[in-house]
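# Structural overview for review
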Amino acid sequence: MALSGILKKLLFVRQFDIDEGKINLLGNREIMLHASAILELQEMDESKLYDLAKKSGFKNLAGAVEHAQVYSRMKGVFVDEIAALGKKIGETDQGTIKTLQEIFNVYGLGEMVIQEIDNKANQALVAIKDSTIAGEWVRKNKRKSKSAVCTITAGVLAGVFSYIFGKEVDCAEIKCKAQGNSFCLFKIG
Ligand SMILES: [Zn+2]
């Protein structure tokens, strides 16, 4: 079975499992839906889905950090890097940035690469390789899009970085794979 590093660690400490109709991740229940269903939900009300994804991204990361802190106190075996996310991350802190990327990648929205991060200005530039939403959009519409389509991804990024910066920020997609670019690019802050 191929799993990302972070899920392997979580599986090992029983903080991730799929069994008996339940997907448990860090003490929370998750639901898996086909990407086409997520795209349809997004098309019903884009700004509402952006807001929901933003709240959810913030809560998921805050929950993961709290859970990691409590859990490491209880068992002394946990991914310290997740707990360290509670502190502000610096440009040189490659370990924490890598962990943040690994956490984001669990969403299944595509592979996150943080290109620039500025904690003082609360800004970041993030690339998403092989966006699930962009791929699904092109498959469904059988053409390139005139505008960027990864609204839910922008929402999750806004929530995650609002937590990291300790200040509410928004996220805009400035380049999308559905427009024919080689990857999606998001500006945060
Ligand atoms: Zn996109």
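Structure: above.
Our subject in this report is the structure included herewith. Small disclaimer: the values here were computed from a predicted structure and weren't measured.

### Here we look at the environment of Lys-144
Mapped onto the fold, Lys-144 is located in the loop between helix H6 (132–141) and helix H7 (151–165). Between the C-alpha atoms of Lys-144 and Ala-134, which are 10 residues apart in sequence, the distance is 9.6 Å. Discounting chain neighbours no more than four positions away, the residues touching Lys-144 are Ala-178, Gln-179 and Gly-180.

### Structural notes on the nonpolar core
Counting 41 residues, the largest nonpolar core has Cys-150, Leu-157 and Phe-161 as its most contacted members. Elements with a minimum of two residues in this core: helix H1 (5–12), helix H3 (46–75), helix H5 (94–105), strand E4 (111–118), strand E5 (123–129), H6, H7 and strand E7 (184–188). For this core, the element with the most residues is H7, which contributes 10 residues. Not counting the four nearest positions on each side in its chain, Leu-157 is found in contact with Gly-57, Val-126, Cys-171, Phe-186 and Ile-188.

### Things to note about the pairing of strand E1 (residues 16–19)
Inspection of the sheet shows E1 paired to strand E2 (residues 22–25) by four bridges, in the antiparallel sense. Within E2, the residue paired with Ile-18 across the bridge is Ile-23. The antiparallel hairpin formed by E1 and E2 contains two residues in its connecting segment, where Glu-20 sits at a positive phi of about 50 degrees.

### Regarding the sheet that holds E5
Spatial strand order, E4-E5-E7-E6: four strands in an open sheet with antiparallel pairing. Here the strands that pair on one side only, and so sit at the sheet edges, are E4 and strand E6 (171–175). Across the sheet, the mean angle separating the axes of adjacent strands is 25 degrees when strand polarity is ignored. As paired strands, E6 and E7 are joined by four bridges and run antiparallel to one another. Residue pairing for E7: Ala-172 is matched across the bridge by Lys-187. Against the sheet, H7 engages E5, E6 and E7, with an angle of about 130 degrees to E6.

### Considering unusual backbone geometry
The phi dihedral of Asp-130 falls on the positive side, at around 55 degrees, and the residue is not glycine. Relative to the helices and strands, Asp-130 resides in the loop between E5 and H6. On the neighbour-count criterion, Asp-130 (13 C-beta atoms within 10 Å) is partly exposed. Positive phi is not limited to glycine here, since Lys-142 has a value of about 55 degrees. According to the C-beta neighbour criterion, Lys-142 is exposed, with 6 such atoms within 10 Å.

Calculation criteria
- Residues numbered from 1 in each chain as written.
- Predicted model: local features only at pLDDT ≥ 70, side-chain atom pairs only at ≥ 80, totals over all residues.
- Helix = DSSP H or I, 4+ residues; strand = E, 2+ residues; numbered from the N terminus.
- Contact = placed C-beta atoms within 7 Å.
- Core = buried A, V, L, I, M, F, W, Y, C linked by C-beta atoms within 7 Å.
- Buried ≥ 20, exposed ≤ 12 C-beta atoms within 10 Å, placed from the backbone.
- Pairing = 2+ DSSP bridges.
- Axes fitted to C-alpha atoms, helices over the stretch in contact; angles between N-to-C directions.

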